[in-house]
Amino acid sequence: MKVIGLLGGIGSGKSTVAREFARRGCPVIDADAIGHELLDAEPHRTRLVETFGEEIIGAEGRVDRRALADRAFASAEAAATLNGILHPPIRRRCLEEIDRCRARGRGPAIVLDAPLLVEAGLAEACDVLVFVDCDRRRRVQRWARGDPHRTAALEKRENFQISLDMKRQMADYVVGNNSGLSAITEQVARILSAL
């Protein structure tokens, strides 16, 4: 089974594209969900608190993702430190999931939906890279949902990522996500057919 890795900017619709692949029988590995789970798992939680302070723990005793992001994306060094703590275990878990999916052997392909696919070292695990293209205005609308804090956060986060132009150049296929779900459905069908 081939592994399809999804690339794209924040709010580009990678998860929407992943769901469309899932609708066509592809198992999807959600690296973002794995990352959220690992935030409160040891030893990562302790390392995060030691590095970014007790202020990242919310009232319910769990890591507050927004507070962590505010601190982690304050500088390139802080972002690199966060990535150094979380990327290795996320990568390990994703590779384990790929192996499990291959062992089950169900579906036309495995889809890896990872926000920082290249930055986390997961692109090498993929046979095919798909770039989800969406104009900036739509991406900001989707992700920020009118919250100025989230709009500023999007810009900060993207400053610490590989450029969208470079991600697009790395891709074997491009899925345009500026015109609705039916267009995505057709493009996903074409990619699976080509594979």
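These figures come from a predicted structure and were not determined experimentally. (Residues numbered from 1 in each chain as written. Predicted model: local features only at pLDDT ≥ 70, side-chain atom pairs only at ≥ 80, totals over all residues. Heavy atoms only, no water.)

Peer 1: Is there a simple way to explain the pairing of strand 3 (residues 109–113) in this structure?
Peer 2: Successive residues of a regular strand alternate their side chains across the two faces of the sheet. Within strand 3, five of the five residues are buried, which leaves the element mostly enclosed by the surrounding structure. Residue alternation in strand 3 divides its side chains into two sets, A109, V111 and D113 and I110 and L112, and both sets are buried. Relative to strand 3, strand 2 (residues 28–30) runs parallel, the two sharing three bridges. Across the sheet, D30 pairs through a bridge with D113, a residue of strand 3. (Buried < 20%, exposed > 50% of the residue type's maximum accessible area, 1.4 Å probe, protein only. Helix = DSSP H or I, 4+ residues; strand = E, 2+ residues; numbered from the N terminus. Pairing = 2+ DSSP bridges.)

Peer 1: What is the right way to look at the packing of helix 2 (residues 31–39) against helix 5 (residues 76–104) in this model?
Peer 2: The geometry of a pair of packed helices is captured by two quantities: the angle between their axes and the separation between those axes. With their axes 10 Å apart at the nearest point, helix 2 and helix 5 run at an angle of 125 degrees to one another. Looking at the two axes, helix 2 sits oblique to helix 5. The two elements helix 2 and helix 5 meet at a crossing, and its hand is right-handed. In contact with A31, I34, G35, E37, L38 and L39 of helix 2, helix 5 contributes L86, P89, I90, R93 and C94. Its residues assigned to classes, the contact of helix 2 with helix 5 shows eight nonpolar, one polar and two charged. (Axes fitted to C-alpha atoms, helices over the stretch in contact; angles between N-to-C directions. Parallel < 35°, antiparallel > 145°, perpendicular 65-115°, else oblique. Left-handed = near helix turned anticlockwise from the far one by under 90°. Contact = heavy atoms within 4.5 Å. Nonpolar A, V, L, I, M, F, W, Y, C, P; charged D, E, K, R; others polar.)

Peer 1: It is not clear to me how empty space enclosed by the protein should be interpreted in this structure. Could you clarify?
Peer 2: Over the atoms a probe the size of a water molecule is rolled, and this reveals where empty space is left. Under the definition given, this model contains one cavity of 30 Å³ or more. Of the volumes computed, that of the largest cavity is approximately 60 Å³. F73, N83, L116, E119, R157, F160 and Q161 are the residues that line the largest cavity. For the lining of the largest cavity, the class distribution of residues is three nonpolar, two polar and two charged. (1 Å grid on protein atoms, 1.4 Å probe; cavity = no way out; pocket = protein on both sides within 12 Å on 5 of 7 lines; lining within 4 Å. Points joined across faces, edges and corners; volume = space filled by probe spheres on them.)

Peer 1: Even after reading the chapter, I still don't get helix 1 (residues 14–23), so can you show me in this structure?
Peer 2: Along helix 1, the residues classified as buried are K14, V17, A18, E20 and F21. The buried residues of helix 1 occupy an angular sector of 160 degrees when projected down its axis, which confines them to one face. Projecting away from the buried face of helix 1 at angles above 90 degrees are the exposed residues R19 and R23. Each element contacted by the buried residues of helix 1 is listed here: strand 1 (2–8), strand 2, strand 3, strand 4 (128–133), strand 5 (173–176) and helix 9 (181–194). Note on helix 1: the residue one or two positions beyond its end, G25, has a positive phi of about 95 degrees. (Arc of directions from axis to C-beta.)

Peer 1: Help me understand helix 3 (residues 44–52) in this model?
Peer 2: An α-helical segment advances 3.6 residues per turn. Residues three or four places apart therefore align on the same side. Within the span of helix 3, buried status applies to H44, L48, V49 and F52. Projected onto a plane normal to the axis of helix 3, the buried residues spread over an arc of 135 degrees and lie on a single side. Where helix 3 is buried, its residues touch helix 2, helix 4 (65–72) and helix 5. After helix 3 finishes, the residue G53 shows a positive phi value of roughly 95 degrees.

Peer 1: Help me out: how do you make sense of the layout of surface pockets in this one?
Peer 2: Taken as a whole, the largest pocket holds about 1300 Å³ of empty space. The wall of the largest pocket is formed by 42 residues, among which D32, H36, P115, W143 and R157 lie closest to the centre. Of all the secondary structure elements, the ones that give two or more residues to the lining of the largest pocket are helix 1, helix 2, helix 4, helix 5, helix 6 (136–144) and helix 7 (148–159). Within the lining of the largest pocket, the residues separate by chemical class into 16 nonpolar, 13 polar and 13 charged.

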